[in-house]
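# Coordinate inspection notes
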Amino acid sequence: MKFKKLSYVFSSLICSIVFAQVQSPNEFLGYELGTQFTRHHQVIDYVKHVAEQSPLVQTMSYGKTYEGRTLQLAFISSEENMAQLETLREDHLKRINLLQGKQKSDKEISVVWLSYNVHGNESTSTEAALKTLYTLATEKKEWLDNLIVIIDPCINPDGRDRYVNWYNQVKSTPYDNDPISNEHYEDWPGGRYNHYYHDLNRDWAWLTQVESQQRIPVYHQWMPQIHVDFHEQGVDSPYYFAPAAVPYHEIITDFQRDFQTTIGKNHATYFDKEGWLYFTKEVFDLLYPGYGDTYPTFHGAIGMTYEQGGSGRAGLGIINTVGDNLTLKDRISHHYTSGLSTVEVAHHNSKKLNSEFKTYYQNTKGKFSTYALEGHKDKIAALKKLLDSHHIPVSGLTKQTNIKGIDYHTQQTKTMRFDNGALILDGNGQKSKMIQALFEPQTILSDSVTYDITSWALPYAYGLKGIASNQKIQGVNYKVKENKDITVNPGAYAYAAKRETIDDGKYIAALIKEDIRAYYNEVPLTNGGVYWPMGSIFVLRGENKQHLNLAEKINAIAKKTGQDVISLSSGFSDEGPDLGSNQMQYIANKKIGILKSDSASPSGYGEIWHFFEQQLKYPLTQLSDTRINERVLNGLDVLIIPPGYYGPFDKKSEQLNQWIKRGGRIIAIGSALSGFANSDFYGLKAKENGIEKSESKRYADQERDNISDAIYGSIYAAKIDSTHPLSAGYNSSYFTLKNSAKAFELLKNNGTAAYIPSESKPLAGFSGSKAITLQQNSLLFGTEKIGRGSVVYIVDNPIYRSFWENGKLWLVNALFF
């Protein structure tokens, strides 16, 4: 016993020495947290310092941002747990059958993951993360025996540093807390977004950004039972924590709902003691799957959002409307307190968390037994890549099969035939809850007042034939159809490819960048025994004599872009125009610009920027609206106007109008169309509702009354003119995601390429009754000719959040055809 006691004393002494070497954030940084913002490289350095000095902490980098900043995690647990961290991780996954094999340890731990600063200008949380890390490593060791706490101190380093650098450049010394001061008004685009102006808190499910793509694999390696996403909101808002607001997605379990209340009540004890204001059960719901609270929730965790008042306006301090000085120090204290309270609740309820997590993965029954999908191989391959990233298993049909269920295209029950090799998802198998969230034909809304879009089913987003069925369909290991291993004939007359998916758009862009002349057919033709629909791509050897190794280049581009290219021996077509006909149109190399303006939507702008650089791989010139003049316009072929609120364009710039007449092309997207509507120069006309306002309603009912005019991300079926050049590749169907009730009349002079027909209603998602009426017989895609130029009108953003895959070819068509 003496030896044990002496050993304990010696061990305690060693630990005290070790912990004494761990500096607090204030000591390490050389300033008190809350007196200035910490740059990202300092955050990285401090987390490394704690990991180097404490046996309770390890750190790892899980990737880099677009701008090269480190993405980092810190793992905190007891010294005993840290010594067997990998064993505990594997055993944790084995208990829920996400990893096969025998458990190596009898010890059960719970995993708590705290994510900070997903919105870069909601900068308080990273400061709080440093303080939370220090406290867990030095003062709260007793909580760590049955927990592993994972801290991501900054999900969005590029956005954070954009905000912090801006603030440090413009703030007064000492800071000015007057809300009219410049330091409380960020310059466009603000720090909320990542490098490409994407909202990373909408990207958990879609994985369009590198930060998400690199984080999700690590998330699936750990599968936490609790995940918290720390945010900020308006300066006058009290603190928000769980439980969440309705609507809850129907797959959320009673335990998940109840445990949010358990955590919220624990927070309330600390907030009550300090007299801090807070609210729960309002605003922030659990429906859309792309959030940092819902994505973990749909994987069995207690997923929560915490919101502190402040955001990018608050800076180091701001006077709010009641006259209080809301300081960064105050804001740090609130996030610090809720973070520690979360860990405390997890520690005291670890056994319950573990048992319920296991139950969640044992109960795999979903709403539908089977989801069957088929379509173009490029679209299927893109979808499977996303599903693989989410560890969602897929299989394939072994024979042609009739399946009865809900047809996505009609939302009606019918029997449909699927071919051998169709993709099958098990609705009652592993990851059944996430499969339901991503694929269910209709999302059930317990309340139509919601925080985000209300429909997103992936068969619509990827343009696939699909059915949701209660038949149990067995499949085999699925193999993506590979592109045909074809080497084009160097002596061929032409090299032909169909235009059907965004991968074909990448092929076109690559040809143009290599100065390879390409043409498309204005009408269908048959050549070489193959039917070539309108808009197919033809490279004629005789028109590319400058390329001595043309076939070699075509082979390389086809392989890189996943394109099936067929060699044609003759220009003489079996049916339709010959390849030398005037009905074969040259695809010109286009100089493309995008309007950069404080009036533009940052996310709408960023989606286009990201599309060109990361997907299409085609040059895009960014142009500030202050530099748009005749000389600049004359250097462009196409000018993209991203979503935004600009005012009337016909009155803004006569130079722009004349440039269009001379042959320029405008592509206006989403809310930008309002700047072209109802003008003397442009032919676009906005539709009016025509429904008289109802009688006065009670004040308390005004929000619900207003939603009759609103659309919250509804999916509508389009009617397509398959002969219009803008519609190439969309011969069968297209489903548009509408995020606004704004509607426009059909264009004159055969300009309408796609529209919502009369009597249409949304296939999925919420649209108010008045909004539904307004959409009927309204424009979706169209072209107005003005002089030698044109304006392309795209009513609904076809690359929304970069995940609406089947819309991207529309933009390619608008650019080059």
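Reading guide: rules and limits
Residues numbered from 1 in each chain as written. Predicted model: local features only at pLDDT ≥ 70, side-chain atom pairs only at ≥ 80, totals over all residues. Heavy atoms only, no water. Helix = DSSP H or I, 4+ residues; strand = E, 2+ residues; numbered from the N terminus. Rg over C-alpha atoms; globule rule 2.2 N^0.38 Å. Buried < 20%, exposed > 50% of the residue type's maximum accessible area, 1.4 Å probe, protein only. Phe/Tyr/Trp six-rings, centres within 6.5 Å; stacked < 30°, edge-to-face > 60°. Axes fitted to C-alpha atoms, helices over the stretch in contact; angles between N-to-C directions. Parallel < 35°, antiparallel > 145°, perpendicular 65-115°, else oblique. Left-handed = near helix turned anticlockwise from the far one by under 90°. Contact = heavy atoms within 4.5 Å. Expected span 1.5 Å × (residues − 1). Salt bridge = Lys/Arg side-chain N within 4 Å of Asp/Glu carboxyl O.

### Looking at the overall build of the protein chain
Counting its regular elements, the protein chain contains 25 helices and 37 strands. Expected size for 817 residues packed as a compact globule is a radius of gyration near 28 Å; at 29 Å, the protein chain falls within 12% of this value. Taken over the C-alpha atoms alone, the protein chain extends approximately 100 × 65 × 65 Å along its principal axes. By residue count, 60% of the 817 residues in the protein chain fall in the buried class.

### A few points about the packing of aromatic side chains
Inspection of the entire model under this criterion finds 58 aromatic pairs. A centroid spacing of 5.3 Å and a plane angle of 40° characterise the contact between Phe-75 and Trp-222, whose relative ring orientation is tilted. In this pair, Phe-75 sits in strand 2 (residues 70–76) while Trp-222 sits in helix 8 (residues 210–222), placing the two residues 147 residues apart along the sequence. With respect to class, Phe-75 is no different from Trp-222; both count as buried. Relative to Phe-781, the ring of Tyr-734 lies with its centre 5.8 Å away and its plane at 70°, an arrangement referred to as edge-to-face.

### Here we look at the packing of helix 9 (residues 254–274) against helix 12 (residues 328–348)
Running from amino to carboxyl end, helix 9 crosses helix 12 at an angle of 130°, the nearest separation of the two axes being 9 Å. Relative to helix 12, helix 9 is oriented oblique. Considering only the axes of helix 9 and helix 12, their crossing is right-handed. Taking contact as the criterion, the partners of Phe-259, Thr-262, Ile-263, Asn-266, His-267, Tyr-270 and Phe-271 in helix 9 are, on helix 12, His-334, Thr-337, Ser-338, Ser-341, Thr-342, Glu-344 and Val-345.

### Section: helix 17 (residues 502–513)
Along its twelve residues, helix 17 runs 17 Å from first to last C-alpha, staying within 8% of the 16 Å computed at 1.5 Å per residue. Of all twelve residues in helix 17, ten are buried; the element is thus mostly enclosed. Among the residues of helix 17, those classed as buried are Ile-502, Asp-503, Asp-504, Gly-505, Tyr-507, Ile-508, Ala-509, Ala-510, Leu-511 and Ile-512. Looking at the buried side of helix 17, the elements it contacts are helix 14 (377–389), strand 20 (494–497), strand 24 (537–540), helix 18 (550–561), helix 19 (602–616) and helix 25 (808–816). Phi for Asp-515, located one or two positions after helix 17, is positive at around 60°.

### With respect to unusual backbone geometry
A cis geometry characterises the amide bond from Ala-242 onward to Pro-243, with omega recorded as 10°. Within the secondary structure layout, Pro-243 lies in the loop between strand 6 (239–240) and strand 7 (245–248). Omega for the peptide link from Val-246 to Pro-247 comes to 10°, which places this bond in the cis form. Of note in the backbone geometry, Tyr-197 takes a positive phi value of approximately 60° without being a glycine. Looking at where Tyr-197 falls in the secondary structure, it is placed in the loop between helix 7 (157–170) and helix 8.

### Things to note about the pattern of salt bridges
For the structure shown, the criterion picks out 29 salt bridges. Between Lys-107 and Glu-80 there is a salt bridge, with the nearest N and O atoms lying 3.9 Å from each other. Note that Lys-107 is positioned in the loop between helix 5 (85–95) and strand 3 (110–115) and Glu-80 in helix 4 (residues 79–83), a separation of 27 residues in sequence. When the shortest N-O distance is used, the salt bridge between Glu-90 and Lys-104 registers 3.9 Å. On the criterion of sequence distance, the pair formed by Glu-90 in helix 5 and Lys-104 in the loop between helix 5 and strand 3 is long-range, its members being 14 residues apart. Connected through salt bridges with shared partners, the residues Glu-122, Arg-192, Asp-199, Arg-202, Asp-452 and Arg-801 form a single ionic network.

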